[in-house]
Amino acid sequence: MSTSIVPRPEPIRDGTLLHFGEQTFMFGKEVVELQDSSALMGDFDALRQRMKAEGYLFLRGFHPRDKASQAALVTLEAIGERGGLASDTAISEGMANAENKSFGFFRDVEISHSPAVLEVVDGPHTFRFFEQFLGGPVITFDKRWLRAMAQGGSNFFHYDSAYVGRGTLNRYTMWSALTDIDLENGPLVICLGSHKDERLKQTYGQIDMDRDLIDPVFSKDAYEMVHKFGFKLATAHFQPGDVIIFGLFMMHSSVPNLTNRYRISIDTRYQLAADEKDERFFGEQGNWMGNFYNKGATYTPIEKMRAEWQLD
Ligand SMILES: O=C(O)CCC(=O)C(=O)O
Ligand SMILES: [Fe+2]
């Protein structure tokens, strides 16, 4: 464990603004701060209960901070080698140059499976947690989504079920912050209560993008998630080592990064070893199938599906 004491961010005050691309939301109104469940660590009944009720666990300091920062540094060194960092800045500052290029180190296993990264997402603390949370031996996918998001970079609203939902549904995503990610730096945002939205779960929640050839992004528009679908957004100022854990049916997105500092995170999946796997994400040396393996296929636009599902 890290011995250095780093202060936690102050609670986000009501009235604080969240700039989401061109859109703006207000804390206390359309967006709230994630509830930190780290006080429940060790009490797995309480953690399971919280997960069932709220659909997520936000655990500050889940990973040792120095290990998370080391994984970020390895990622930034790789970005430096690929010419992505601003000159005359320290690597550890993570400043992008004018090219502003986002990087996804997915099949680059020398980075995404480097010892520094695996010490975080495959570390004994992580496996012990999921073994106790799920109640048995646990596996993680070979694919690990190590992401460095530059300015403007973002993902869009989706359920993970559309991407990584084959086999057991008792599978969890852990999104780990590796750098300091404040509200301007592109934090992850979730839609509170979306894990209990039966209309969404029975329609969008049933798709497998690669089987059904459907565009897996549900929406790029945070405003409609709030005002059409009635969700409250929740996010936080994340520090290295903070995580959110959620199931396959939790609507989430990232907020576009407004800064020229790389936002580095990694998302990984865990399930019981005895449960059915999603074979797309297992393979040696980056040779897994992954998503979008139907080369040349046309994906049905989500708008068409949403009309069919009468979700508009
Ligand atoms: O990091 C992001 O922007 C997206 C992460 C995500 O979709 C996930 O963790 O499942
Ligand atoms: Fe996701």
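Residues numbered from 1 in each chain as written. Chains lettered and ligands numbered in written order. Predicted model: local features only at pLDDT ≥ 70, side-chain atom pairs only at ≥ 80, totals over all residues.

*Asks:* Give me the lowdown on the overall build of the chain, citing residues and values where you can.
*Replies:* Helix and strand counts for the chain stand at ten helices and 13 strands. For the chain, the C-alpha radius of gyration of 19 Å lies close to 20 Å, the compact-globule estimate for 312 residues. Reported as C-alpha extents along the three principal axes, the dimensions of the chain are approximately 55 × 45 × 45 Å. When contacts within the chain are restricted to residue pairs at least 6 apart in sequence, long-range pairs at least 24 apart make up 80% of them. (Helix = DSSP H or I, 4+ residues; strand = E, 2+ residues; numbered from the N terminus. Rg over C-alpha atoms; globule rule 2.2 N^0.38 Å. Contact = placed C-beta atoms within 7 Å.)

*Asks:* Go over the nonpolar core, please, and point to the residues and values.
*Replies:* Among the nonpolar cores identified, the biggest contains 76 residues, and Tyr56, Ile190, Leu233, Ile244, Ile245, Met251 and Tyr262 are the most heavily contacted of them. Sorting elements by how many residues they give to this core places helix α2 (residues 65-81) first, with six residues. Excluding residues that lie within four positions of it along the chain, Ile190 makes contacts with Tyr56, Ala234, Phe246, Met250, Met251 and His252. (Core = buried A, V, L, I, M, F, W, Y, C linked by C-beta atoms within 7 Å. Buried ≥ 20, exposed ≤ 12 C-beta atoms within 10 Å, placed from the backbone.)

*Asks:* I'd love a proper account of α2, names of residues and values included.
*Replies:* For α2, which comprises 17 residues, the first-to-last C-alpha distance of 24 Å matches the rise-based estimate of 24 Å (1.5 Å per residue) to within 8%. For α2, the complete set of buried residues consists of Lys67, Ala68, Ser69, Ala71, Ala72, Val74, Thr75, Leu76 and Ile79. In this fold, the buried residues of α2 make contact with β5 (103-105), α3 (109-112), α4 (115-121), β7 (145-149), β8 (171-177) and β13 (263-272). Following α2 by one or two positions, Gly83 adopts a phi angle in the positive range, close to 80°. (Expected span 1.5 Å × (residues − 1).)

*Asks:* Before we move on, could you go through the sheet that holds strand β12 (residues 252-254) and cite the residues and values that matter?
*Replies:* If you walk across this open sheet you meet the four strands as β3-β10-β9-β12, and the pairing is mixed. Each of the sheet's edge strands pairs with one partner strand only, and the pair in question is β3 (31-33) and β12. The average undirected angle you get between the axes of adjacent strands in this sheet is 30°. Where β3 lies against strand β10 (residues 233-235), three bridges are found, and the strand directions are parallel. Within β10, the residue paired with Val32 across the bridge is Ala234. (Pairing = 2+ DSSP bridges. Axes fitted to C-alpha atoms, helices over the stretch in contact; angles between N-to-C directions.)

*Asks:* Any chance you could break down the site of ligand 1 for me, citing the residues and the numbers?
*Replies:* Close to ligand 1 lie Arg147, Asn155, Asp160, Thr173, Trp175, Leu188, His252, Ser254, Ser265 and Asp267. Put simply, the parts of the chain that give the shell around ligand 1 at least two residues each are β8, β12 and β13. By residue class, the composition of the shell around ligand 1 is two nonpolar, five polar and three charged. (Near = placed C-beta within 6 Å. Nonpolar A, V, L, I, M, F, W, Y, C, P; charged D, E, K, R; others polar.)

*Asks:* Explain the pairing of strand β2 (residues 23-26) to me, using residue names and the numbers behind them.
*Replies:* Direction of pairing for strand β1 (residues 17-20) relative to β2: antiparallel, over a ladder of four bridges. Among the inter-strand pairings, His19 is bridged to a residue of β2, identified as Thr24. Hairpin geometry of β1 and β2 is characterised by an intervening segment of two residues between the two adjacent antiparallel strands and by a positive phi of about 60° at Gly21.

*Asks:* Account for the pairing of β8, naming residues and giving values.
*Replies:* Burial of β8 is extensive: seven of the seven residues sit out of reach of the surface. Across the two faces of β8 the burial is the same, with Arg171, Thr173, Trp175 and Ala177 and Tyr172, Met174 and Ser176 all buried. Two strands pair when backbone bridges link them, and β8 and β13 are joined in this way by seven bridges, in the antiparallel orientation. Looking at β13, one finds that Met174 is bridged to Thr268.

*Asks:* Give me the lowdown on unusual backbone geometry, citing residues and values where you can.
*Replies:* Even without being glycine, Asn100 reaches a positive phi, approximately 55°. Among the secondary structure elements, Asn100 is positioned in the loop between α2 and β5.

*Asks:* Give me the environment of Gly167: which residues, what numbers.
*Replies:* Considering the arrangement of structural elements, one finds Gly167 in the loop between α6 (161-164) and β8. Take Gly167: there are 15 C-beta atoms within 10 Å of it, and that puts it in the partly exposed class. Along the backbone, Gly167 and Asp275 are 108 residues apart, and their C-alpha atoms lie at a distance of 7.5 Å. Once residues lying within four places of it in the same chain are set aside, the contact partners of Gly167 are Asp275, Glu276, Lys277 and Asp278.

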